[in-house]
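Tertiary structure, described
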Amino acid sequence: EAAVTQSPRNKVAVTGGKVTLSCNQTNNHNNMYWYRQDTGHGLRLIHYSYGAGSTEKGDIPDGYKASRPSQENFSLILELATPSQTSVYFCASATNTEVFFGKGTRLTVV
Amino acid sequence: GQQVQQSPASLVLQEGENAELQCNFSSTATQLQWFYQSPGGSLVSLLSNPSGTKHTGRLTSTTVTKERRSSLHISSSQTTDSGTYLCAIDRWGSALGRLHFGAGTQLIVIP
């Protein structure tokens, strides 16, 4: 069964600290994505990747970096976390015809 | 402006009633997907329907590409249908994941 696993599921971080959100997929999909979801905004695309070693900017990349060290793993990095980055973050993997989401990571920056 | 707009924002139904959810989008879409988000937050794909009418179980989606609108009809609603329904478009026609989402319709089905 297709699976996208995010860790941690919940995280509290301090302003100015570094945060890494991890995503692992067992679907063998080339394409992976990071979204954030805030009330009233639906999901918004932060970064995406076409395969190991590649990262691309999405619609709201400012303040975030991404890393794709392997087919299976895609990380989202907040080098200097700010309270405005408090949100729920979703990772996804996709082909041309299907997309699978992880269960989300709730990040609170205090 | 927002590329994908959904209406209504929320909907309360008695179990057994039908629901009609609307999605309007401002850009050409190569793909249109409907997702269900559970109260716990998990997202699952319901239907992919860039044009025409598609059915799966109690769900029917109709997309009129020229008019940039799609609808999701849920027949004989059940309490387990409660959650948020999200419409999303993909403008690039490559992999399905580069999506623009609407803010969703929150559906509450009461027994």
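As a starting point, this report considers the structure included with it. This structure is a prediction, so every number in the text was calculated from the model and none was measured.

The next thing to look at is the overall build of chain A. Per the secondary structure count, chain A includes zero helices and eleven strands. The order of helices and strands in chain A, counted from the N terminus, is β-β-β-β-β-β-β-β-β-β-β. For a compact globule of 110 residues, the expected C-alpha radius of gyration is about 13 Å, and chain A comes in at 13 Å, within 12% of that figure. Seen through its principal axes, chain A has C-alpha atoms that stretch 35 × 30 × 25 Å. The proportion of buried residues among the 110 residues of chain A is 51%. Entry remark: accessible area of chain A is about 5100 Å², with carbon and sulfur atoms responsible for 49%. Charge centroids of chain A, computed over 10 positive and 8 negative side chains, lie 8 Å from each other.

As a further point, take the pattern of salt bridges. Opposite charge on two side chains allows them to pair when their charged atoms are near. Inspection of the entire model under this criterion finds five salt bridges over all chains. One salt bridge in this structure joins A:Asp38 and A:Arg36, with 2.9 Å as the shortest N-O distance. Among the residues examined, A:Asp38 registers a relative accessible area of 16% and is labelled buried. We note a salt bridge from B:Glu67 to B:Arg69, for which the minimum N-O separation is 2.6 Å. For B:Arg69, a relative accessible area of 33% puts it in the partly exposed group. Through salt bridges with shared partners, a single ionic network connects A:Arg36, A:Asp38 and A:Arg44.

With 20 residues of chain B at the contact, the number on the chain A side is 21 residues. Taking both sides of the interface into account, the surface hidden between chain B and chain A amounts to around 1600 Å²; carbon and sulfur atoms contribute 54%. The interface formed by chain B and chain A holds zero salt bridges in total. Along the contact surface separating chain B from chain A lie four residue pairs in polar contact (both at pLDDT 80 or more). Listed by contribution, the elements that provide at least two residues to the side of chain B that touches chain A are β4 (31-37), β5 (43-48) and β10 (99-101) of chain B. Among the elements that line the side of chain B that touches chain A, the one with the most residues is β4(B), at four residues. For the side of chain B that touches chain A, the residue count by class is eight nonpolar, eleven polar and one charged.

Another point: unusual backbone geometry. Here the amide bond leading from A:Ser7 into A:Pro8 is cis, since omega sits at -5°, within 30 degrees of zero. For A:Pro8, the location among the structural elements is in the loop between β1 (4-7) and β2 (10-13). Even without a glycine there, the phi angle at A:Asn28 is positive, about 60°. With respect to the helices, strands and loops of the structure, A:Asn28 is situated in the loop between β3 (19-25) and β4 (31-38). A relative accessible area of 57% means that A:Asn28 is categorised as exposed. Phi angles above zero are rare outside glycine, and B:Ser76 is one such case at about 45°. Of note, B:Ser76 is situated in the loop between β8 (69-74) and β9 (83-90). By relative accessible area, which is 40% here, B:Ser76 ends up partly exposed.

Conventions used here
Residues numbered from 1 in each chain as written. Chains lettered and ligands numbered in written order. Predicted model: local features only at pLDDT ≥ 70, side-chain atom pairs only at ≥ 80, totals over all residues. Heavy atoms only, no water. Helix = DSSP H or I, 4+ residues; strand = E, 2+ residues; numbered from the N terminus. Rg over C-alpha atoms; globule rule 2.2 N^0.38 Å. Buried < 20%, exposed > 50% of the residue type's maximum accessible area, 1.4 Å probe, protein only. Areas by Shrake-Rupley, 256 points an atom, 1.4 Å probe, with all protein chains shown as cover. Lys, Arg positive; Asp, Glu negative; His and termini not counted. Charge placed at Lys NZ, Arg CZ, Asp CG, Glu CD. Salt bridge = Lys/Arg side-chain N within 4 Å of Asp/Glu carboxyl O. Contact = heavy atoms within 4.5 Å. Buried area = accessible area lost by both parts, 1.4 Å probe. Polar contact = N/O pair within 3.5 Å; in protein donor to acceptor, adjacent residues only side chain to side chain. Nonpolar A, V, L, I, M, F, W, Y, C, P; charged D, E, K, R; others polar.

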